[in-house]
Amino acid sequence: MGHGWDTPGPSGHAAGHHALDISVESQEAAPGPVAPVSGQRLPPRARRALRATEGCPARPPVSGGAALREGAPSGAVSRGPPGSGRSRRGQAAPVIRLRRGALRRMEGAGAGCASGVRRDPDVVCEKHLFKGKLPEPLFQLACSHHHCAFPVSRNGLCVWNTATAQPLYLSGHHYSISALSFGNKINPLLVCSASHERVIVWNLDECTQKVEEGFTPRGIVIGTLLGMVLHVRFSPDDQQVAVCAGNQIYMLSAKNEAILAELNGHLAPVTAADFCTWEKSMLVSVSEDRTFKVWDYSTSQLIYQSGIITAFPLLSLLIDEENKQIITGCAEGLLWIFSLISDHNYRCIAHIDLKKEQEKFCNKVWKSGQAIGEGQNNSRLCKTDNMRPEGSVETSLPILLIEHCDFFVCFHNEENIYSSQNTSYFWIGTSTGLLIINLANLELEALLFYRDYSDLSIQIARSCALTRKAANGKVLCLIASMFEDMIAVLEVNLAALVRTQQSDFLPCGNEKSLSVIARCTLLANSPLCKGLKKNRKGPSSKTLGVKNTVKDKPLVFHNKIKSSGYTAAPRMAMFSPNTNLRKKEVSKWKTSCKCKNKEYPLESYPPIKYAKEISVTCKPTPIFCVQYSGDGELLACGQADKTVLIFNSNLTDVHNVFSGHDGAVNSVGWSHDRKWLVSASEDRTLRVWSTCNKEPALILGKEKFHKTVRFAQFYFIDTFILLCCGAEFHLLSFHLDTTKDDLKRYKQRSVCKLVQKFPMASAMEITSLSAVNEFYSYIVLTAGSNRALEVFDLNAGCSTAVIQEAHVRSVHQICQNKGSSYSTQQPEAYNLFLTTAAGDGIKLWDLRTLRCERRFEGHSSRCYPCGIAVSPCGRFIASGSDDKYAYIYEMRSSTFLQRLGRHTESVINVSFNPSSPQLTTATLDGKLRLFLP
C-alpha cells in the first residue's frame, strides 16, 4: 500500500512490520521523510484555529526526537531533527513547528498549565506510530483487549495485534472508512468497518487463517449505500449492528445483508448509539440536534425523547450497566448523566463541566505539591488561574469518548486506599488528553495531557479509542492526529498515573488515619482531661449527700422546712395539674414502644408512606430545626417564633413548650440520657432545659458571646457542651442542678465553665458543627464561611486536617453517621459524614481519606438551606428540598430512591427516629409530616 504504509507481502502481513515500532533512542533522529503538511485538508475548526493564531511564535524544537530502529524501510515514519531539511512534498519542516507552536499556545488556555517538573516516564509511552493517508471524515476508531483497528490509505483496514505486534490488512471498501467497532465476544472476535458505500463485518479468526493459507480475506457485507456513517455498535450478543448514518439509525444483521429496522426521529446526524443490556431491544442514541432518544428497535418505536440538553452537539455516549445510567458528552466539555431506572422517567442526575473540574484538579495537585515541597511533587500539573496569556485563544473541549475504566484492578496487590470499592470509574477522551472520572463523587481522579509528554508524536487528537479492560495494569489507547496523517498506539500505566497525581494529597493505607471512634486514652494535657477533672470535682460537693452535708446556718430556715402541710398542697396543685391519667397512659405507651423497638430493623424499607401531618402553630412559622431524642420517644422543634416545642414521636400530643429566647431558635440537641435539651438562638444565648420542667436549668447570656450562637450540642456522653460562635467553637464543662432555694429561687444553681476555645483557620464564621455524643469520640467537624471543612482532635487539642473548597458555597449542615442505641453498624461506617450547601447538593465524605466518596444531586436547594439526615441503619439519606418535596437516597447510589409527598411549602428540615423506621419532615410554613415504611 502506498502513502508511506508498509506494503503487505504474500501472506497479508506487512513485510517490515517491526519497523513500525517507534522508540526514543537518541538525541539525533535518523534521516528520513518528514510528515507531509501541504495537501492535507484540515477540519473547519482546525482551520479557524490556525487563522486565529496566525503570527504566533513557533514552538521551540523538542529535544529527543523519535527515530526509527535499524532496518526500517523508507516508507516508515520518522521525525527529523530541528531544521533537518524538507518533507516528502517539499514543505519546510519549520512550518510544522509553527503550527504546533500556535496550537500549543491556543490549547494552553483551556487545558490547564504544565510546569517544568519532569513527568514520570512510566505513565505513558508511545508503542507504535503509524502514518499514511487518513480519511478526512474519521469519527470512530476501535480497541479491544489485544487489538486495535484503524483505517489505512483511507479505504484499507489495519487490525494491529498488540500481543504479537502483527498487523493484519483487510481490503474491501471503495470509499474512505469513517467508523470502526469491535464485537463484544472474544471467540470469535468480530470487527465492523463502515464507509459511505458499504458496511462490512470481519471475523478476525477466519481472516487470519485465510492469510496464513495465502488467500485474500473477505468480510460479510451487511449494508450498502447507507450514507455517511458516523458510528457503529454491535449488540451485546454480536448478532446485530446499529449503524448511525445521517439522521437515521439502521439495525442490520451481523450475518447477512438485511435491514432489520430503521429508526427515524433525529433532526441532525446521529453521533453515537449504545445498547441497553438489561432491557431487551432497547437502544439509546445521541445526535447533533442536542437530544437523546430511547428506542425499541424490535418494533421501531420511540420510547422516550429528551428535550434539548445543551447548546452544543452531543458527541459521545455510554450506558452504565451497574448504575443503570446514560452518560453523554458534548462538544464543549459538558458531561450529562441520566437515570435509566424504570420509574425515574429518564431524569437528569448530574452534569459536569470538565473545564472547571480540570482547573480544580490542577489547583489541588499544585497546592498539595506546595505543602509537601516542590521537589517531592511528581506531577507536572500546576496552578491555573482565570487570567489567560495575552493573545491566547479560548478553545472548546470536545468529549470524543466515554469508556469504562478498570480502576481497582491496578491496585489489587496494594492496600486499599479508597473506601468505596463499588464505585464506577470512566475514561473521558478529549482532544487534548485523557481523564479519569469518579461517577460517585463526579470528580476527577487523574488527568493526562498529551502535550505534557514530549515523546508523544500527537498532541491534539480528532478521534480516540481505549480498551475497556486493563492488562497488567496498563491500558491501550489509540489516537488519530487532528492536523497530520498519524495514528499512535499509546500504553498508559493506570496505577502510575493515579499514584503520581494523588499520592500527594491522599493518605496511604498504612498511614495512621483519623477515626471517629476513640482509639487511645486521654492525654494528660488534653482539654477533655482538664474538663473531666473540673466536672468530677464540681458534682461531688453539690449533688452527693445533700442532706447530710448541709451545715447549720445562723437563720432558722433550711432548704426543706417541715410544716403542717400548708406549703405541700398548693405546690402539688400548682406544678402537677390533673394530668395523672394522661401520664399513666403515656407511660404505658412508652413502655410498649420500648418493648416493641428493642432493636432497629436493619433490613426494613425506607419510610415513604404518608401517615400524618400537623401544624405546630396557628400561624405559618418556619421550623428551623428538628431532632428526635435518643430513645425516639420525643421530638424537639426549634421555631422562628422563639419557642421550642416537644412532641411525642407519633405527633399526637405536645409534651412541653419551652419559651424564653428573644430570637429564632437555631438549633436543638438532646442529651444522651434524654433528660436535657440544649437550644441556641439568634439572641446570642444558650439555654439548657429539663424535659420535666418549663424553666431553663442553665442560661448563658449575651455577655458570654459576641456573636450569634449558630449551633450547640452535648458532647462526650453529656460531659461537655459544644457551641459555635463567630469563627471559633467553645468547649464548655457544666453541672446542672434543678433544686431550688425558696429564698433564692431566681438564682441559677447550675454551673458552666469554659474549658477552651478553638478557632477555625481563615474563616469569618463557623456555619456548622458536628460531633458524636452517643459514644466517646475526640473528633469535632466544623464548616466555615470560607467553604472549607476542618477536623479537630480534642484529645490533642488542635486542628488535624483541613479540606479546602468542600463546596462551591459555604456548608450549612454537617451530618454524621452516628447510628443509634437501637442499631449496630460496622465500626468503619461511623467515619462517614455528609455535608450540604445551597445549590451544590450533598457530599458523602470519609474521615479516613478526607475524600468526597459520593454526591447526591437529585433534589433542589437553591433558595433555602435544606436539612439532611442519615437513618440509624446507615442505609438511607433524607434531604429537604425547596421544590416542596422530601427526598430519600440510598447510601450506595447517587440517584434518589423516593420523592415524598408534595408539601405545602419548602421542606427545610428532616429527622429520622433512632428507634423505629420513621421520618419527620418540617416545612417553611410550620408543618410536621410523619412518614412510615
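Pairing is antiparallel across the open sheet formed by 4 strands, whose spatial order is 2-30-29-28. With partners counted over all chains shown, the strands left at the sheet margins are strand 2 (124-131) and strand 28 (461-466), one partner each. Between one strand axis and the next, the sheet turns by 20 degrees as a mean value, whatever way the strands run. Of the strand pairs in this sheet, strand 2 and strand 30 (residues 486-493) are connected by 7 bridges, and their pairing is antiparallel. Paired with Val124 across the bridge in strand 30 is Val492.

In this section: the side chain of Thr467. Mapped onto the secondary structure, Thr467 falls in the loop between strand 28 and strand 29 (474-481). At a separation of 3.5 Å, a polar atom in the side chain of Thr467 contacts the main-chain carbonyl oxygen of Lys469. Once you skip the residues sitting within four places of it in the chain, Thr467 turns out to touch Cys143, Ser144, His145, Val475 and Leu476.

For the rest of this paragraph, the subject is the environment of Glu136. When you line up the elements, Glu136 lands in the loop between strand 2 and strand 3 (142-143). Owing to a relative accessible area of 40%, Glu136 belongs among the partly exposed residues under this scheme. Sequence-wise, Glu136 and Arg154 are 18 residues apart; in three dimensions their C-alpha atoms are separated by 8.2 Å.

Tallying each qualifying case throughout the model produces 23 aromatic pairs. For the ring pair Tyr715 and Phe720, a centre distance of 6.4 Å and an interplane angle of 40 degrees mean the geometry is tilted. Of the residues examined, Tyr715 reaches a relative accessible area of 0% and is grouped as buried. By relative accessible area, which is 0% here, Phe720 ends up buried. Both rings, one in Phe729 and one in Phe758, keep their centres 5.0 Å apart while their planes meet at 15 degrees; by these two values the pair is stacked.

Take the pairing of strand 11 (residues 229-234) next. Among the 6 residues of strand 11, 5 are classified as buried, and the element is accordingly described as predominantly covered. Examined bridge by bridge, strand 11 and strand 12 (residues 240-245) share 5 bridges and lie antiparallel to one another. From the neighbouring strand, Arg233 faces strand 12, where its bridge partner is Ala242. Between strand 11 and strand 12, which follow one another and run antiparallel, lie 5 residues, and Asp238 among them has a positive phi close to 60 degrees.

What follows covers the sheet that holds strand 19 (residues 314-320). On the basis of which strands lie adjacent, the open sheet formed by 4 strands has the order 19-20-21-22 and antiparallel pairing. Every other strand in the sheet has two partners, leaving strand 19 and strand 22 (348-353) as the edge strands with one partner each. Direction aside, the axes of adjacent strands within the sheet are offset by 15 degrees on average.

So, on to the confidence of the model for the chain. On average, residues of the chain score 79 in pLDDT, and 74% of them are at 70 or above. Counting interchain partners and residues more than four positions distant, the pLDDT-below-50 stretch residues 44-118 has 155 contacts. Low confidence marks residues 504-511, where pLDDT is under 50. Its contacts with residues over four positions away, or in another chain, come to 20 contacts.

Reading guide: rules and limits
- Residues numbered from 1 in each chain as written.
- Predicted model: local features only at pLDDT ≥ 70, side-chain atom pairs only at ≥ 80, totals over all residues.
- Heavy atoms only, no water.
- Pairing = 2+ DSSP bridges.
- Helix = DSSP H or I, 4+ residues; strand = E, 2+ residues; numbered from the N terminus.
- Axes fitted to C-alpha atoms, helices over the stretch in contact; angles between N-to-C directions.
- Polar contact = N/O pair within 3.5 Å; in protein donor to acceptor, adjacent residues only side chain to side chain.
- Contact = heavy atoms within 4.5 Å.
- Buried < 20%, exposed > 50% of the residue type's maximum accessible area, 1.4 Å probe, protein only.
- Phe/Tyr/Trp six-rings, centres within 6.5 Å; stacked < 30°, edge-to-face > 60°.
- pLDDT = per-residue confidence, 0-100.

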